[in-house]
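Analysis of the macromolecular model
Chain by chain, the residues run as shown.
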Amino acid sequence: KAGVTQTPRYLIKTRGQQVTLSCSPISGHRSVSWYQQTPGQGLQFLFEYFSETQRNKGNFPGRFSGRQFSNSRSEMNVSTLELGDSALYLCASSEGQGATNEKLFFGSGTQLSVL
Amino acid sequence: QKEVEQNSGPLSVPEGAIASLNCTYSDRGSQSFFWYRQYSGKSPELIMSIYSNGDKEDGRFTAQLNKASQYVSLLIRDSQPSDSATYLCAVSWTSYDKVIFGPGTSLSVIP
């Protein structure tokens, strides 16, 4: 099975711009979670989508949004970028239900730099 | 605010020794506990999951859970230089809840 695929791998943006990141989960996985990882804050939960619905949400401002498509692929959007948004954005997929739901499989991440 | 805490380290152990990594969590209702390993420049990968009080062994790894003390640990026996990585403790409160990660403990195994 192919793993979790995230695109692009690297992004450089300037303050005020917006960005869209993409994530394709493992085949058969219906849940996609997004995390922000920075050296100072570690892995911070953004949101989780299951069957095209946001099931869980972290404590990030409304500039951070996401969606999930019928094929379980997910996108994350950040509007009005700030310098502090520079981070590694990780997508993780899981089966979405049952006892193994929380076992997350991570993609390689998108490294976002905001200048 | 549900929180997961870990000693940030770095923790250094000699090759062949036992490495002990600790994690505490704030919510008594937590149900599921995980240890992820993250090599520098790589993504986290799941190495252990534990759901019931007690010990769970998988090869050189043993996870220990004490829900009364809100404490979960990971023991790595016969530590190898290839075990050098950051170890992330993760907690979920229900099967459909978000998974929250601790800040991670950096482990260095010295040859």
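Residues numbered from 1 in each chain as written. Chains lettered and ligands numbered in written order. Predicted model: local features only at pLDDT ≥ 70, side-chain atom pairs only at ≥ 80, totals over all residues. Heavy atoms only, no water.

Each partner contributes residues to the interface: chain A has 24 residues there, and chain B has 21 residues. Taken together, both faces of the contact between chain A and chain B bury some 1,600 Å²; the carbon and sulfur share is 50%. Taken as a group, A:L43, A:E102 and A:K103 account for 33% of the area that chain A buries against chain B, more than any other trio of residues on that side. Summed over the shared surface of chain A and chain B, the result is zero salt bridges. Our enumeration of links across chain A and chain B arrives at five residue pairs in polar contact (both at pLDDT 80 or more). Where the side of chain A that touches chain B is concerned, the elements lending two or more residues are β4 (31-38), β5 (42-50) and β6 (53-57) of chain A. When grouped by side-chain class, the residues that make up the side of chain A that touches chain B number seven nonpolar, eleven polar and six charged. (Contact = heavy atoms within 4.5 Å. Buried area = accessible area lost by both parts, 1.4 Å probe. Salt bridge = Lys/Arg side-chain N within 4 Å of Asp/Glu carboxyl O. Polar contact = N/O pair within 3.5 Å; in protein donor to acceptor, adjacent residues only side chain to side chain. Helix = DSSP H or I, 4+ residues; strand = E, 2+ residues; numbered from the N terminus. Nonpolar A, V, L, I, M, F, W, Y, C, P; charged D, E, K, R; others polar.)

Turning our eyes to something else, we now look at unusual backbone geometry. Here the residue pair A:T7 and A:P8 is connected by a cis peptide bond, since its omega of -10 degrees sits within 30 degrees of zero. Secondary-structure assignment places A:P8 in the loop between β1 (5-7) and β2 (10-13). The backbone of A:S72 shows a phi angle near 80 degrees, a positive value even though the residue is not glycine. Looking at the element boundaries, A:S72 is found in the loop between β7 (64-68) and β8 (74-78). We note that B:D78 has phi near 50 degrees; this positive angle belongs to a residue other than glycine. If you trace the backbone, B:D78 turns up in the loop between β8 (71-76) and β9 (85-92). Residue class for B:D78 comes out partly exposed when judged on its relative accessible area of 40%. (Buried < 20%, exposed > 50% of the residue type's maximum accessible area, 1.4 Å probe, protein only.)

Our next topic: the pattern of salt bridges. All names here are of chain A. Under the defined criterion, the tally for this structure stands at eight salt bridges over all chains. Across the pair R55 and E48 runs a salt bridge whose closest N-O atoms are separated by 2.6 Å. Take E48: its relative accessible area is 4%, and that puts it in the buried class. Each of R63, E82 and D85 takes part in salt bridges that share partners, so that together they form one network.

What follows covers the pairing of strand β7 (residues 61-66) of chain B. In the case of a regular strand, side chains alternate between the two sheet surfaces. All names here are of chain B. Where strand β6 (residues 54-58) and β7 come together, five bridges link them in antiparallel fashion. Residue pairing in the sheet places D58 in a bridge with F61 of β7. Hairpin connection, β6 to β7: the antiparallel pair is bridged by two residues, and G59 has positive phi, about 65 degrees. As defined by bridge partners, β7 adjoins β8 across six bridges and the pair is classed as antiparallel. (Pairing = 2+ DSSP bridges.)

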